[in-house]
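Now for the letters of each chain:
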Amino acid sequence: GITLITPYGDFNQDALSFTSDGMLGGDFTIAGWIYPTSSSGYPTLFYNGEGGGNGRIQLTVMSSSSPKIELWSQNKVAESSSNWTLNTWQHVAITASGSTWKLYINGTENGSGTAAASTRSDDETKLFGAENTSAANDFVGRMKTWCIYNRALSATDIGSLADESKLPTDSSLNTSSSLKLYLPMTSNFNDSSGNSVTINTHGNPSLVSPKLGTGAY
């Protein structure tokens, strides 16, 4: 698996939430690193529209026996062709361009589908790690380097994000007009995009600093 040696967030019945417009109403990209340690329940990576609502956008796993990453917008839009892997770092990304949605794993397109752009909403609570602020259907494992852009990145751009040496703030991917949220999770859970998005923590997510020479992180 992929080895990351930078700090990360550790989640177990925890979540991060924020409310900010200008991210998901049109074309967009959501991307980040995950290290799942459990497939039980319905672990949710990202959710827009707490409590349901017409603006639902959800990145989740619906089956513990066949843990494929699923992308929902009202109904299921796409499903990964391969299962996610426990106890391994993997990069996940979704893009929406008009009615076309794509799902990427480790920089490679792994599923696609269509859903009307009119189903998207930008005025809902947005969460990483759970379906609501009570941490329902929570993700158990590690996360880091989540980004949201208000444009659909190209396959080449997604491949760059899946290369940790090319973080958004160190590459041409960082433009003030499109990078709307950046959560590196290196020393805190704050937004580092320059847009001052307020991040709220729910439960007790922790930050872990791995040490060289102690195996896979």
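None of the values given here were measured: they were computed from a predicted structure.

Chemist: What is the right way to look at the overall build of the protein chain in this model?
Modeler: Each helix and strand in the protein chain was counted, giving 1 helix and 15 strands. Every one of the 217 residues in the protein chain was classed for burial, and the buried ones make up 52%. Surface exposure of the protein chain reaches about 8,700 Å², of which carbon and sulfur atoms provide 42%.

Chemist: How should I be thinking about the packing of aromatic side chains in this particular structure?
Modeler: Pairs of aromatic rings are described using the distance from one ring centre to the other and the angle between the two planes. Scanning the model with the defined rule gives 8 aromatic pairs in all. Joined through ring pairs, the aromatic side chains of F18, F46, F128 and W146 make up one cluster. The positively charged end of R142 is found above the aromatic ring belonging to Y35, 4.2 Å away from the centroid.

Chemist: Before we go on, may I ask you to explain unusual backbone geometry in this structure?
Modeler: For residues other than glycine, phi is negative in most cases, and the peptide bonds are mostly trans. If you check the backbone angles, N137 has positive phi at about 50 degrees while not being a glycine. Residue placement: N137 occurs in the loop between β11 (126-128) and β12 (141-149). Its relative accessible area of 29% is what places N137 among the partly exposed residues. A positive phi is found at S196, a non-glycine position, where the angle reads about 55 degrees. Position of S196 among the secondary structure elements: in the loop between β13 (179-183) and β14 (200-202).

Chemist: Can you walk me through the sheet that holds β11 in this structure?
Modeler: Backbone hydrogen bonds hold the strands of a sheet together, and the pairing may be parallel or antiparallel. Taken together, 7 strands build an open sheet; the order of strands is β7-β6-β5-β4-β11-β2-β14 and the sheet is antiparallel. Across the chains shown, the open sheet's two edge strands, defined by having one partner strand only, are β7 (75-83) and β14. Neighbour-to-neighbour, the strand axes of this sheet turn through a mean angle of 20 degrees, independent of strand direction. Summarising the sheet, strand β2 (residues 15-18) and β11 pair through 3 bridges and their orientation is antiparallel. Bridge pairing in β11 links S17 to L127.

Chemist: Looking at this model, I keep getting lost on the pairing of strand β8 (residues 90-97). Mind explaining?
Modeler: Regular strands show a simple pattern: their side chains alternate between the two faces of the sheet. With 7 of its 8 residues buried, β8 lies for the most part within the structure. Direction of pairing for strand β3 (residues 28-36) relative to β8: antiparallel, over a ladder of 7 bridges. Residue pairing for β8: A31 is matched across the bridge by A93. Sheet topology note: the β8/strand β9 (residues 100-105) ladder contains 6 bridges and is antiparallel. Paired with T95 across the two strands is K102, which belongs to β9.

Chemist: What is the right way to look at the environment of P205 in this model?
Modeler: Along the chain, P205 falls in the loop between β14 and β15 (206-208). Taking the C-alpha atoms as reference points, P205 and F189, 16 residues apart in sequence, are found 9.1 Å from one another. Setting aside anything within four residues of it in sequence, one finds P205 in contact with D10, F11, D14, L16 and F189.

The rules behind these values
Residues numbered from 1 in each chain as written. Predicted model: local features only at pLDDT ≥ 70, side-chain atom pairs only at ≥ 80, totals over all residues. Heavy atoms only, no water. Helix = DSSP H or I, 4+ residues; strand = E, 2+ residues; numbered from the N terminus. Buried < 20%, exposed > 50% of the residue type's maximum accessible area, 1.4 Å probe, protein only. Areas by Shrake-Rupley, 256 points an atom, 1.4 Å probe, with all protein chains shown as cover. Phe/Tyr/Trp six-rings, centres within 6.5 Å; stacked < 30°, edge-to-face > 60°. Lys NZ or Arg CZ within 6 Å of the ring centre and 35° of its normal. Pairing = 2+ DSSP bridges. Axes fitted to C-alpha atoms, helices over the stretch in contact; angles between N-to-C directions. Contact = heavy atoms within 4.5 Å.

Geometric values such as these leave the question of function open.
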